[in-house]
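Observations on chain architecture
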Amino acid sequence: MVIEDEIEQMLMEDDDTEHMVPDPLALTAAEKSFYEVLGLKYPPSPAPPTLCNPNNFSTDHNSGNSKITAPGESDFQSTSKMPLSSSDCLTGSFDGITNPCSDSNLEEENNERKNHPGEDIESTDIEGRSDKESMVCADEDELSKMFDRVFLCPDDRRKPLVCTSDEVSQDRSGKLLKHNELPCGSNARKGGGKKRKNRNQVVDLRALLILCARAIAMDERGTVDKLLTEIRQHSSPFGDGYQRFAHYFANGLEARLVGTGFQIYTASRMQSFADMLKIYQTFISACPFKRISFYFASHHILNLAENATTLHIIDFGISYGFQWPIVIQDLSAIPGGPPKLRITGIEFPKSGLQPAKTVEEAGHHLVKYCERFNVSFEYNGVAKNWETIQIEDLKIGKNELIVVNCLYRLDFLLDETSVENSPRNSVLSLIRNINPHIFIHGIINGSCNAPFFVTRFQEALFHYSSLFDMLDANITRENHERLMFEKEFYGREVVNVLACEGSERVVRPLTYKYWQVQNLNAGFRKLPLDRELMKTLRAKVESHYHKDFMVDEDGHWMLQGWKGRIVVAISCWIPAKKY
């Protein structure tokens, strides 16, 4: 259930071309899709700013490291010179988004673009090329503002935890709606996994799934075929939560039976970035897990950063860097000025000629946020298999306040049950050798890593049935983003857990108690929870989300869950002793 990881995997399709100034027409189409996501009209480009020169960004593809520099600065350095003006401030509110564009400007801009539909950058003169590069810079600014509206809360940003667009709202029970949808009526089924066959018979989908899993384990093909046929008759990706849950579990069982699990898991892709942005926004509006975790981490980082001269965040699993804009925003408000910020963004390498493409794009976005909020910034991108990373790759400087951040990504590394030299242990050892001032660790709480299939199946049954029930209670069944989320995230994870073995099984959530032992053995000790922070976060979840979401604690872990079942956990650690 690692949303940012899945977003990165689906969006960053392999591209063998070099990272050049993008084609304006293609960028225009992408911009328009963003505005459709946010319910806005497409705006004209503002006055052309300073040219975006691609030579200001340098990348070492062979080493897997990416480094980004701002114009006029040395390597790894981006220092804003201009103060934040009122025109740069973010617009919008907790409940909706204001459209800053007029219809007349929109029409003029569209007419201008229609006059040059197929113009090639390579064939234009220097002046024309400069104009297009200026347009690209302006377009990127608009793109950044659209990201702001999704990932920043501009009004009293430390208080609200849900920033939804004006196209979504909630009914009285907390269910997420679109304005063109109606809430589910009395035909909604909540049968605990059971669906009526007729007035005298009840089909227990959960029991049928367990019987089918046992039959597969015993290689009873005839029984499996019969059970799957019955499950298919009473399950659906468009039904209630348990019917959808049963549908995707049936997919996983079928994939295990025919040996196609890994192909299904790796082949699935979203259609567009706009689709993904809609899905992500729908999820964080309906479920607090991600946003609460970000605020938990930000609180501890900002407390440490108040007296720091240089803050170095090492993020294992940075994806697009969605966690850091609000941290940058809050750093800029520190009395006396913000510390210098360094971020080392770590991701797995992409196949093809651009292994560092993901971390490069994260860095480009974060550079712009730091320029806007006047925060001195350096970025170091590392795209390698995590167990192969050396401490030298992280470019740690002297007298830095070091934060290691890893939210819901270590669960996807192979452990000692799969390979002799466990990547999980190697990464924990690396983090300990970094000797950070704090290690913020978020995990998916589950027991889906058992070596025996039937045991793993039953644990996955409990874990994912809770997640499908959560979505059913908070988002209407007709919601397109919910359908896509269940298919592309939970559905794919279920297939991987049930149908894959060995190194092909990468979805391996374990309990926070397991990670407690692992972190202690790696040489860390846990920090106590902040009582006031816990009180605040509980109040925010109670006031903005469904009543069945819970925030709890155990042994200095902050726990989040649904109807009493723990789904994710997060805690803070420091080295047990300094080297």
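Residues numbered from 1 in each chain as written. Predicted model: local features only at pLDDT ≥ 70, side-chain atom pairs only at ≥ 80, totals over all residues. Heavy atoms only, no water.

Focus: the overall build of the chain
A count of helical and extended segments in the chain gives 17 helices and 15 strands. Split into buried and exposed, the 579 residues of the chain put 55% on the buried side. For the chain, the exposed area adds up to about 24700 Å²; of that, 50% sits on carbon and sulfur atoms. (Helix = DSSP H or I, 4+ residues; strand = E, 2+ residues; numbered from the N terminus. Buried < 20%, exposed > 50% of the residue type's maximum accessible area, 1.4 Å probe, protein only. Areas by Shrake-Rupley, 256 points an atom, 1.4 Å probe, with all protein chains shown as cover.)

Details of unusual backbone geometry
One non-glycine residue, Asp219, lies in positive phi territory at about 60°. Here Asp219 lies in the loop between helix 5 (205-217) and helix 6 (221-233). Given the relative accessible area of 51%, Asp219 is considered exposed. The phi dihedral of Asn435 falls on the positive side, at around 60°, and the residue is not glycine. In this fold, Asn435 is placed in the loop between helix 13 (423-434) and strand 11 (438-444).

Things to note about the environment of Tyr408
Within the secondary structure, Tyr408 sits in the loop between strand 10 (401-407) and helix 13. For Tyr408, a relative accessible area of 4% gives the class buried. Residues Tyr408 and Ser293, spaced 115 residues apart in sequence, show a C-alpha to C-alpha distance of 10.0 Å. Side chain to side chain, Tyr408 and Ser293 meet in a polar contact 2.5 Å long. (Polar contact = N/O pair within 3.5 Å; in protein donor to acceptor, adjacent residues only side chain to side chain.)

Let's talk about the packing of helix 5 against helix 6
At their nearest, the axes of helix 5 and helix 6 sit 9 Å apart, and the two run at 155° to each other. Judged by the inter-axis angle, helix 5 sits roughly antiparallel to helix 6. Considering the relative orientation of helix 5 and helix 6, their crossing is left-handed. Note on element contacts: helix 6 touches helix 5 through Thr223, Val224, Leu227, Leu228, Glu230 and Ile231, opposite Leu205, Leu208, Leu209, Leu211, Cys212, Ala215 and Ile216. (Axes fitted to C-alpha atoms, helices over the stretch in contact; angles between N-to-C directions. Parallel < 35°, antiparallel > 145°, perpendicular 65-115°, else oblique. Left-handed = near helix turned anticlockwise from the far one by under 90°. Contact = heavy atoms within 4.5 Å.)

Concerning the pairing of strand 13 (residues 549-554)
Here strand 13 pairs with strand 14 (residues 557-562) via six bridges, running antiparallel. For Val551, the partnering residue across the bridge sits in strand 14 and is Gln560. Here strand 13 folds back onto strand 14 in antiparallel fashion, the turn holding two residues, of which Gly555 has a positive phi close to 55°. (Pairing = 2+ DSSP bridges.)

What to know about the packing of aromatic side chains
Here the structure, examined in full by the defined rule, presents 22 aromatic pairs. A ring pair is formed by Tyr248 and Phe468, whose centres lie 5.8 Å apart and whose planes are at 25°; its orientation type is stacked. With Tyr248 in helix 7 (residues 241-258) and Phe468 in helix 14 (residues 453-474), the pair connects residues that are 220 residues apart, well separated along the chain. Just as Tyr248 is buried, Phe468 falls in that class too. Taken together, the ring pairs in this structure connect Tyr242, Phe245, Tyr248, Phe249, Phe283, Phe453, Phe457, Tyr464, Phe468, Phe485, Phe489 and Tyr490 into an aromatic cluster. We note Arg256 situated over the ring of Phe453; from NZ or CZ to the ring centre the distance is 4.0 Å. Over the ring of Tyr265 we find Arg492; its NZ or CZ atom is 4.6 Å from the centre of that ring. (Phe/Tyr/Trp six-rings, centres within 6.5 Å; stacked < 30°, edge-to-face > 60°. Lys NZ or Arg CZ within 6 Å of the ring centre and 35° of its normal.)

Describing the pattern of salt bridges
In this structure the tally under the stated criterion is 18 salt bridges. The shortest N-O distance in the salt bridge between Arg232 and Glu254 comes to 2.9 Å. With Arg232 in helix 6 and Glu254 in helix 7, this residue pair connects regions lying 22 residues apart in the sequence. Using a relative accessible area of 26% as the deciding quantity, one classes Arg232 as partly exposed. One salt bridge connects Arg244 with Glu486, and the closest N-O pair in it is separated by 2.7 Å. With Arg244 in helix 7 and Glu486 in helix 15 (residues 480-499), this pair connects stretches of sequence that are 242 residues apart. Given the relative accessible area of 0%, Glu486 is considered buried. Taken together, the shared-partner salt bridges connect Arg244, Asp472, Arg477, Arg482 and Glu486 into one network. (Salt bridge = Lys/Arg side-chain N within 4 Å of Asp/Glu carboxyl O.)

Side note on the environment of Leu311
Here Leu311 lies in strand 7 (residues 310-316). Take Leu311: its relative accessible area is 0%, and that puts it in the buried class. A C-alpha to C-alpha distance of 4.9 Å links Leu311 and Leu341, two positions 30 residues apart in sequence. When near neighbours in sequence (up to four residues on either side) are disregarded, Leu311 contacts Ile301, Ala305, Leu331, Pro339, Lys340, Leu341, Arg342, Leu401 and Val403.

What about the side chain of Asp469?
Examined against the element boundaries, Asp469 turns out to sit in helix 14. For Asp469, a relative accessible area of 10% corresponds to the buried category. A polar contact of 2.8 Å, which involves the side chain of Asp469, links it to the side chain of Trp562.

Digging into the side chain of Asn445
Inspection of the secondary structure puts Asn445 in the loop between strand 11 and helix 14. Within the structure, the side chain of Asn445 is placed 3.4 Å from the backbone oxygen of Ile566, a separation counted as a polar contact. Excluding residues within four positions of it along the chain, Asn445 makes contact with His463, Leu510, Thr511, Tyr512, Ile566, Val567 and Val568.

Here's the deal with the nonpolar core
One finds Phe249, Leu341, Phe457 and Tyr464 to be the most contacted residues of the largest nonpolar core, which totals 105 residues. The leading source of residues in this core is helix 14, at ten residues. What Phe457 contacts, discounting residues up to four positions off in sequence, is Leu209, Ile210, Ala213, Phe249, Leu253 and Leu498. Core analysis: the second largest hydrophobic core is formed by 28 residues, Ile389, Leu428, Leu510 and Phe524 among them. (Core = buried A, V, L, I, M, F, W, Y, C linked by side-chain atoms within 4.5 Å.)

Observations regarding the confidence of the model for the chain
With 63% of its residues at a pLDDT of 70 or more, the chain has an overall mean of 75. Considering only residues more than four positions removed or in separate chains, one finds that residues 155-169, a stretch of pLDDT under 50, has 60 contacts. (pLDDT = per-residue confidence, 0-100.)

Considering the packing of helix 5 against helix 14
The relative placement of two packed helices is expressed as an angle between their axes plus a distance between the axes. Here helix 5 crosses helix 14 at 155°, and the two axes come no closer than 9 Å. Between helix 5 and helix 14, the angle falls in the class roughly antiparallel. For helix 5 against helix 14, the interelement crossing comes out right-handed. Facing Arg206, Leu209, Ile210, Ala213, Arg214, Ile216 and Ala217 of helix 5, the residues of helix 14 in contact are Phe453, Val454, Phe457, Gln458, Leu461, Phe462 and Ser465. Partitioning the contact of helix 5 with helix 14 into residue classes produces ten nonpolar, two polar and two charged. (Nonpolar A, V, L, I, M, F, W, Y, C, P; charged D, E, K, R; others polar.)

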